[in-house]
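# Structural characterization, general
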Amino acid sequence: MTEELDLVNRDPNNINDHLKVSFEDILAEPEGAHSLDCIWKCSYRCFTCWKDLCYTILTTLCAICIAAEWGCEFAYVTFVHVWYVTPLFKLLEINCACLQKLYGMCIHCCMDPFCEAMSIIFTPFKR
Amino acid sequence: MTEELDLVNRDPNNINDHLKVSFEDILAEPEGAHSLDCIWKCSYRCFTCWKDLCYTILTTLCAICIAAEWGCEFAYVTFVHVWYVTPLFKLLEINCACLQKLYGMCIHCCMDPFCEAMSIIFTPFKR
Amino acid sequence: MTEELDLVNRDPNNINDHLKVSFEDILAEPEGAHSLDCIWKCSYRCFTCWKDLCYTILTTLCAICIAAEWGCEFAYVTFVHVWYVTPLFKLLEINCACLQKLYGMCIHCCMDPFCEAMSIIFTPFKR
């Protein structure tokens, strides 16, 4: 079951690429505004540590429950779509085919003679 | 009766392809935001288990009744369409053909001479 | 009388093709959302049985009466069209031809010289 689970690349479809944020994307000192080297280094380390720590704590506490919830949710949605929405659409399609036939009949009835008459204007172009 | 029923591929016409959702499509951790391996594995297992479990429970409880309901519904719709709607359309078609003839006669009567005259403008294009 | 009636193909002109719905067209489980095999089989059987049963009951009860009604209706419509509408149209056509001639004469009288003059614009296109 977990054989296919890739622990290294956890986003094979790149659906969360916009969340890839590193220190350089957030904090950057331009030329002429440099803090002390040790402060900059320490800031980098602090940022990374706290980011990893917080994320790990949050996921450890909640991830499994949330995953289970999403599992239920998607099972329910799939169920509703498979057993209600798709058949309902088929039903609508059948009724829509009828309406289209009726509407097409009216349009042909009203517009065909008019367009036939109008086409007389262009008879000189006939070959 | 069930000989033709394919238990492996249950969507031969691909009508519910949009409901194919796997763990990778829903949950994905980008680079730099990885939870602990055991948590990630456990989340995967939980998601898959709950999804399968919920779907199985829901279908076991309701699927047969729903299928029976849809059977009745489609039988009724087929009956109404075969015995009422289609003949009614044939009737409408007959009457519509008459109306179209009458309406066409009026339109042709009014517009043909006018369009014929207009077509004189384009006589130089005649070959 | 029933020698020509084809009991196998009952829609030789394919006028009700949109009503051909099988189980596969209505209910379909995508990959990763499969109910138990017995449930799926049972759903199939239920759907098919109820559809056939309902349709059979409905037609057994009503089909003959409905067919008789439509027979009367179409006989009446045919009668009206053959003995009233078509001769009436012929009459209208004759009168309309007269009107069209008169009206056409006026239109041609008024518009022909004007259009002839306009057509001079396009004489360079003459071949």
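Residues numbered from 1 in each chain as written. Chains lettered and ligands numbered in written order. Predicted model: local features only at pLDDT ≥ 70, side-chain atom pairs only at ≥ 80, totals over all residues. Heavy atoms only, no water.

## Observations regarding the overall build of chain A
Helix and strand counts for chain A stand at two helices and zero strands. For 127 residues, the compact-globule formula gives about 14 Å, and the C-alpha radius of gyration of chain A, at 32 Å, lies well above that figure. In terms of overall dimensions, chain A has C-alpha extents of about 90 × 50 × 25 Å along its principal axes. Buried positions account for 22% of the 127 residues belonging to chain A. As presented, chain A carries roughly 9,000 Å² of accessible surface, and 68% of it is formed by carbon and sulfur atoms. Of note, chain A has its 9 positive side-chain charges centred 11 Å away from the centre of its 16 negative side-chain charges. (Helix = DSSP H or I, 4+ residues; strand = E, 2+ residues; numbered from the N terminus. Rg over C-alpha atoms; globule rule 2.2 N^0.38 Å. Buried < 20%, exposed > 50% of the residue type's maximum accessible area, 1.4 Å probe, protein only. Areas by Shrake-Rupley, 256 points an atom, 1.4 Å probe, with all protein chains shown as cover. Lys, Arg positive; Asp, Glu negative; His and termini not counted. Charge placed at Lys NZ, Arg CZ, Asp CG, Glu CD.)

## Quick look at the pattern of salt bridges
Under the definition given, this model contains 10 salt bridges over all chains. A salt bridge links Arg10 of chain A to Asp37 of chain B; its shortest N-O distance comes to 2.6 Å. Of this pair, Arg10 of chain A sits in the segment before helix H1 (23-26) while Asp37 of chain B sits in helix H2 (residues 37-119), each in a different chain. Since its relative accessible area comes to 3%, Arg10 of chain A is described here as buried. Overall, Asp37 of chain B belongs to the partly exposed group, its relative accessible area being 41%. Via salt bridges that share partners, Arg10 of chain A together with Glu29 and Asp37 of chain B belong to a single interconnected network. (Salt bridge = Lys/Arg side-chain N within 4 Å of Asp/Glu carboxyl O.)

## Notes on the interface of chain C and chain B
Contact with chain C, which involves 67 residues of that partner, is made by 64 residues of chain B. A combined buried area of about 6,200 Å² lies between chain C and chain B, and 75% of that area is made up of carbon and sulfur atoms. Linking chain C with chain B are two salt bridges. A salt bridge links Arg10 of chain B to Glu29 of chain C; its shortest N-O distance comes to 2.7 Å. Summed over the shared surface of chain C and chain B, the number is 13 residue pairs in polar contact (both at pLDDT 80 or more). (Contact = heavy atoms within 4.5 Å. Buried area = accessible area lost by both parts, 1.4 Å probe. Polar contact = N/O pair within 3.5 Å; in protein donor to acceptor, adjacent residues only side chain to side chain.)

## A word on the interface of chain C and chain A
How big an interface is tends to be reported as the loss of accessible area on association of its parts. Facing the 12 residues of chain C at the interface are eight residues of chain A. Between chain C and chain A the total buried area reaches about 870 Å² when both faces are included, carbon and sulfur atoms providing 78% of it. Across the contact surface, chain C and chain A share zero residue pairs in polar contact (both at pLDDT 80 or more). Mapped by element, the contributors of at least two residues to the side of chain C that touches chain A are helix H1 (23-26) and helix H2 (37-119) of chain C. Residue classes in the side of chain C that touches chain A are distributed as eight nonpolar, two polar and two charged. (Nonpolar A, V, L, I, M, F, W, Y, C, P; charged D, E, K, R; others polar.)

## Some points on the packing of helix H2 (residues 37-119) of chain A against H2 of chain B
Two elements in contact, H2 of chain A and H2 of chain B, have axes separated by 5 Å at closest approach and are oriented at 10°. The angle between H2 of chain A and H2 of chain B places the two elements in the roughly parallel class. Here the contact of H2 of chain A with H2 of chain B is composed, by residue class, of 49 nonpolar, 12 polar and eight charged. (Axes fitted to C-alpha atoms, helices over the stretch in contact; angles between N-to-C directions. Parallel < 35°, antiparallel > 145°, perpendicular 65-115°, else oblique.)

Taken by themselves, the reported measurements are silent on function.
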